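# Coordinate analysis (summary)
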Amino acid sequence: MSAVLYQADIDLAPVRTRTLAIIGYGNHGRSHALNLRDMGVERVIVALREGSPNRARAEADGFEVTGLSEAAVRADAVSLLAADEAHGEIWRTHIAPNRKPGQALILCHGFSIEYGLINPPADADVVLAAAKGPGGAVREAFERGGGLLGFWAVHQDASGGARDLALAYLAALGCGRAGIRQTSFREEALADILGEQAVLVGGVCALAREGFETLLRAGIRPEMAYIDTVHEIKYIADLIHTRGMAGMYEAISDTAEFGAHEVEGAIREAVRPVFEAVAADVISGDFARRWVADYEAGRKSLMARRRAAADHPVEAAGADIRAGSARRTP
Ligand SMILES: NC(=O)c1ccc[n+]([C@@H]2O[C@H](COP(=O)([O-])OP(=O)(O)OC[C@H]3O[C@@H](n4cnc5c(N)ncnc54)[C@H](OP(=O)(O)O)[C@@H]3O)[C@@H](O)[C@H]2O)c1
């Protein structure tokens, strides 16, 4: 793996000289399009499906909006920022039949290459240019004069310029202000999906719900239980983000730290077999197959689980507290 690269190390010409199609205008699509334009990429087209609720926003932001197939005809490089589970369908229906020979493909997640949703022809440069974080943060960091950490990888280098394209794209997002590192499609996909399932989303929500219910069984009122198992996650997460876990322990009370050290071992042992099963499921591709199948069946399973999560008593318990926080936050 190569060294960390910064803005000054990178030539933006590979993106400034191309017509770039941004497919999707959600969280990442909008931030990418705006940052690229602000960094001097003049030929940015936004490509959306029929009836997209984001068309008006893209037009209000001053972009030319086309259909997906037209963008594939015109672009020198396509940045596929639509939902990962739709990549196979978009590729088969719109890009593959219409693309210019030699057109490059830029992805922001390793998912669709690692799990075979897209099989690009040999004439395509295929690169990963992943700004690590939620799409809105790509723009917010850029506007503050910073950027998110960037990761690049090359899946196919047909032109000999694939690495330079990935680096130029990430630098145009502002990632070179924070540092750009090399990865592989496989590493990015597995780390991202395992991390969000085991810890960042699945793990945190499971621990918070279980903790909330434990406090209720111990006779604590719901509002108080919510504060101590959900609301305060932010304060601990912010400390870990800026100081690391060891720094977080130093910043909290000794009572909290002593108690945490006493229980962490038992919690880790309890979840280890679950995490091993999650890892096997993600690495084997079984998770990706189930998710794409659910997407193709109208996301019935996702929607049912989303409704069940919204009905959990933890949501009602926190409603007033969240409303109060929203009123205080400028
Ligand atoms: N590397 C990282 O750390 C990281 C982090 C977050 C996200 N990402 C990646 O960024 C990409 C976009 O994520 P996001 O958060 O921006 O998603 P998002 O906000 O949900 O936006 C999704 C966009 O995809 C479009 N779309 C969905 N299904 C489509 C279909 N069948 N045909 C055409 N367009 C479709 C939506 O179209 P409409 O406008 O019509 O609704 C929307 O514009 C994904 O590849 C994701 O994995 C990477």
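Heads up: these notes are all about the structure in this document. (Residues numbered from 1 in each chain as written. Predicted model: local features only at pLDDT ≥ 70, side-chain atom pairs only at ≥ 80, totals over all residues. Heavy atoms only, no water.)

Structurally, F111 can be placed in helix α6 (residues 111-114). Look at F111 and you get buried, because its relative accessible area is 4%. For the pair F111 and D192, spaced 81 residues apart in sequence, the C-alpha separation works out to 9.2 Å. Contacts of F111, omitting those with residues within four sequence positions, involve D84, L117, A189, I193, A288, W291 and V292. (Helix = DSSP H or I, 4+ residues; strand = E, 2+ residues; numbered from the N terminus. Buried < 20%, exposed > 50% of the residue type's maximum accessible area, 1.4 Å probe, protein only. Contact = heavy atoms within 4.5 Å.)

Moving on: the nonpolar core. Core analysis: the biggest nonpolar cluster contains 44 residues, and L36 and Y169 have the highest contact counts within it. At the level of elements, β1 (20-23), α2 (27-38), β2 (44-47), β5 (104-107), β6 (126-131), α7 (135-143) and α8 (162-173) are the ones that each hand at least two residues to this core. With ten residues, α8 is the single largest residue contributor to this core. Ignoring anything within four residues of it in the chain, the contact list for L36 reads L20, I22, V41, V44, Y169, A172 and L173. If you look at the next biggest cluster of nonpolar residues, it comprises 35 residues, including L68, A71, A75 and A124. (Core = buried A, V, L, I, M, F, W, Y, C linked by side-chain atoms within 4.5 Å.)

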